[in-house]
Amino acid sequence: MSATADNRPGYELPLLLIAGFRTLIDELHAELARQGHPDVRPAYGFAMQAIGPGGATASEVGRRLGVSKQAAGKTIDRLEELGYAERVDDPADGRRKLVRLTARGVDSLTRSAAIFDELRSRWAATVGADRLAGLEDTLRSVVAPAALGVDTVSWFAP
């Protein structure tokens, strides 16, 4: 097992980053459940982001998530069952179905944004606002802008 010059093993960095991500996501979903959205799972949040405010076809959702149309379709089916999305005729092409967020879906994303702001504030209170901003700036300098997409969930899939 090798270590860096300051004696920190390199393998800990990705584990700390993913643990930070998971901590935020777990706290988000616990709060979403308290606020009336107990069935929302992380993958659903990514899917609702992929659907977006203007809606999308199942193929577009799959492409945005980096999964097949069939996999996207299964997630969309579940979002429909839970009342977060609906399929409607595409006004631009009557042969296609458009997936749109329902008011419940929009509400969950709006609440998620507010909860993320609160979680960020808590982290800032814990480590200091300057240190947190520095961490964010540092990550922006090493993470490609294209990596900030909703297809992260597909990267973990086998």
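Relevant structure appears above.
Predicted, not measured: the structure shown is a model, and the values here were computed from it.

Participant: Would you explain the overall build of the chain in this entry?
Facilitator: The helix and strand tally for the chain stands at seven helices and two strands. The order of helices and strands in the chain, counted from the N terminus, is α-α-α-α-β-β-α-α-α. C-alpha extents for the chain along the principal axes are approximately 60 × 30 × 25 Å. Split into buried and exposed, the 158 residues of the chain put 29% on the buried side. Element-wise, carbon and sulfur atoms account for 57% of the exposed surface of the chain, whose accessible area totals about 10,300 Å². Mean positive and mean negative side-chain charge positions of the chain (20 and 21 charges, respectively) differ by 4 Å.

Participant: Mind showing me how you'd approach the nonpolar core here?
Facilitator: Within the largest apolar cluster, 24 residues are counted, with the highest numbers of intra-cluster contacts made by M48, I51, V61 and L79. Counting only elements with at least two residues in this core, the list comes to α1 (12-34), α2 (42-51), α3 (58-65), α4 (69-82), β2 (93-101) and α5 (103-127). The element that contributes the greatest number of residues to this core is α2, accounting for six residues. The residues contacting I51, other than those within four sequence positions of it, are A56, V61, R64, L79, A85, V99, R100 and L101.

Participant: Looking at this model, I keep getting lost on α1. Mind explaining?
Facilitator: Residues three or four positions apart in an α-helix share a direction because the helix packs 3.6 residues into each turn. Helix length check: α1, at 23 residues, gives a terminal C-alpha distance of 33 Å against a target of 33 Å (1.5 Å per residue), a fit within 8%. Considered for burial, the residues of α1 that qualify are G20, I25, L28, H29 and L32. Of the surrounding secondary structure, the elements contacted by the buried residues of α1 are α2 and α5. At the exit of α1 stands G36, carrying a positive phi of roughly 100 degrees.

Participant: How should unusual backbone geometry be read in this particular structure?
Facilitator: Positive phi values are uncommon outside glycine, yet N7 reaches one of about 70 degrees. Its place among the elements puts N7 in the segment before α1.

Participant: Looking at this structure, I do not really get a nonpolar patch on the surface. What am I missing?
Facilitator: A cluster of nonpolar residues, L13, L17, L135, L139, V142 and V143, forms a patch on the protein surface that exposes about 500 Å² of accessible area. Position of L13 relative to the elements: it lies in helix α1. A residue is classified by how much of its surface remains accessible, and L13, at 53% relative accessible area, is exposed.

Participant: Help me understand the environment of Q35 in this model?
Facilitator: Counting through the fold element by element, Q35 comes out in the loop between α1 and α2. Among the residues examined, Q35 registers a relative accessible area of 28% and is labelled partly exposed. Taking C-alpha positions, Q35 is 13 Å from A113, a pair spaced 78 residues apart along the chain. Apart from the residues lying within four places of it in its own chain, the contact partners of Q35 are R111 and I115.

Reading the values: the criteria
Residues numbered from 1 in each chain as written. Predicted model: local features only at pLDDT ≥ 70, side-chain atom pairs only at ≥ 80, totals over all residues. Heavy atoms only, no water. Helix = DSSP H or I, 4+ residues; strand = E, 2+ residues; numbered from the N terminus. Buried < 20%, exposed > 50% of the residue type's maximum accessible area, 1.4 Å probe, protein only. Areas by Shrake-Rupley, 256 points an atom, 1.4 Å probe, with all protein chains shown as cover. Lys, Arg positive; Asp, Glu negative; His and termini not counted. Charge placed at Lys NZ, Arg CZ, Asp CG, Glu CD. Core = buried A, V, L, I, M, F, W, Y, C linked by side-chain atoms within 4.5 Å. Contact = heavy atoms within 4.5 Å. Expected span 1.5 Å × (residues − 1). Patch = residues over 30% accessible without salt bridge, like charges linked within 9 Å, V, L, I, M, F, W, Y side chains within 5 Å. Salt bridge = Lys/Arg side-chain N within 4 Å of Asp/Glu carboxyl O.

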